[in-house]
Amino acid sequence: MKYVFKLFYTILIVFLLTTNVKALTVSENNLNISAGNTKNIELSTNTDANLTSVEFTLVFDSYDVPAYFSVNSMYTDTNPNGITHKIVFNEPTAGNIDLGTVVVRVINNPTIVGSSVNIHSAKGTTEDGNIINLNSQTINIKIGEETVEKNKENTKDLLKEINSEIVNIKLKENVFEYEVAIDKDTSELDLSPVAIDDKYKVEVSNQKISELEDDTITITVSDDIDKSTYKINVKVKEENNSVEIDNSEYKEEKSYKGKWIFLIVCLSIILFFGVLINKKSK
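Residues numbered from 1 in each chain as written. Predicted model: local features only at pLDDT ≥ 70, side-chain atom pairs only at ≥ 80, totals over all residues. Heavy atoms only, no water.

*Asks:* Help me out: how do you make sense of the nonpolar core in this one?
*Replies:* The tendency in soluble globular proteins is for nonpolar side chains to be buried side by side. Leu43, Phe56, Phe69, Val102, Val104 and Ile141 are the most contacted members of the largest nonpolar core, which totals 31 residues. A per-element tally of this core places strand E3 (residues 38-60) first, with 7 residues. Apart from the residues lying within four places of it in its own chain, the contact partners of Ile141 are Leu31, Ile33, Val65, Val104, Val106, Val113, Gly114, Ser115, Ser116 and Val117. In this structure, Val175, Phe176, Ile182 and Val221 belong to the second largest nonpolar core, which totals 23 residues. (Core = buried A, V, L, I, M, F, W, Y, C linked by side-chain atoms within 4.5 Å. Buried < 20%, exposed > 50% of the residue type's maximum accessible area, 1.4 Å probe, protein only. Helix = DSSP H or I, 4+ residues; strand = E, 2+ residues; numbered from the N terminus. Contact = heavy atoms within 4.5 Å.)

Structure (structure tokens):
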């Protein structure tokens, strides 16, 4: 019986060590959103292990309060349209990792007063191929009593596209904040927003990188009734431009010389035994 208990505790300890639960976090767990409005929640993970990817499942309780995940533009979501997402990193990454944004929306005429969004079955894959379990998160939403007011920001998608020869921004429904990565030698962006209708006035803030406020470019689209503000967060890529110089001493290639010496020795031995055999035969 003691052996059974000892074996049980050993298995339990091994299990706890191998699962190694780490943190999956959201910027807010409790939201109050009025009908017709949208809110973006940052999703991140913090681990001391170098991860190559993170997977999780995102589901919402009611179609009155739908939610979806928008991946950080620095990474790739291999299943962007499903409920199970896999974010792949360009290189093994550790520390606090900004995975992207959970976009929560309340429809114009909801029939409920509250709902929730669940993020579960989260795990990270290390560069060695090991699996690290990440904790789950729940976002609780309370639907406010306010109705949608005219001229209220971010209630409509007023942009058709954002053109640029430097970065690529793919607009998504009801998403008003994006992130772009630029090379460190880029001094200014060339964002050219196009509204869904010519009646809307489009204004773009300063695009000089050195003069950006909070590293953000703001695009405002409006008329007498509607107004939406798009934020473009600019991040500079970290590049390793160091040149590796080989300071090792030059060594003469001696492999061919060795092969010739070996061949000459072998031929000499064969010739020697050939002469002996020839003498004996005489």
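*Asks:* Just to check I follow, could you spell out the packing of aromatic side chains for this structure?
*Replies:* Aromatic rings in a pair are described by how distant their centres are and how their planes are angled relative to each other. Counted under the stated rule, the structure contains 4 aromatic pairs. Judged by centre distance (5.1 Å) and plane angle (90 degrees), the ring pair of Phe56 and Phe69 falls under edge-to-face. Residue Phe56 is located in strand E3, and its partner Phe69 is located in strand E4 (residues 67-71); the two are separated by 13 residues in the primary sequence. With 5.4 Å between their ring centres and 85 degrees between their planes, Phe60 and Tyr63 make a pair best called edge-to-face. (Phe/Tyr/Trp six-rings, centres within 6.5 Å; stacked < 30°, edge-to-face > 60°.)

*Asks:* For this particular structure, what's the right way to read the pairing of strand E12 (residues 192-195)?
*Replies:* On any regular strand, side chains alternate: one points to one face of the sheet, the next to the other face. Of the two faces of E12, only one is covered, namely that formed by Pro193 and Ala195; the face formed by Ser192 and Val194 stays uncovered. Bridge count for strand E10 (residues 159-163) against E12 is 4 bridges, and the pairing is antiparallel. Its bridge partner being in E12, Asn163 is matched across the sheet by Ser192. (Pairing = 2+ DSSP bridges.)

*Asks:* Please clarify how unusual backbone geometry should be interpreted in this entry.
*Replies:* A negative phi angle characterises most non-glycine residues, just as the trans form characterises most peptide bonds. Phi at Ser121 is positive, roughly 55 degrees, even though this residue is not glycine. Residue Ser121 is classed as partly exposed on the basis of its relative accessible area, which comes to 49%. Notably, Asp214 is not glycine yet its phi reads approximately 60 degrees, a positive angle. Here Asp214 shows up in the loop between strand E13 (201-204) and strand E14 (216-222).

*Asks:* When you look at the side chain of Asp77 in this model, what are you seeing that I'm missing?
*Replies:* For Asp77, the position within the fold is in strand E5 (residues 76-77). It turns out Asp77 is buried and unbridged, and the closest side chain with the opposite charge, Lys172, is 6.9 Å from it. For Asp77, the side chain forms a polar contact with the side chain of His85, separated by 2.7 Å. Among residues more than four places away in sequence, those in contact with Asp77 are Phe69, Val71, His85 and Lys86. (Lys, Arg positive; Asp, Glu negative; His and termini not counted. Salt bridge = Lys/Arg side-chain N within 4 Å of Asp/Glu carboxyl O. Polar contact = N/O pair within 3.5 Å; in protein donor to acceptor, adjacent residues only side chain to side chain.)

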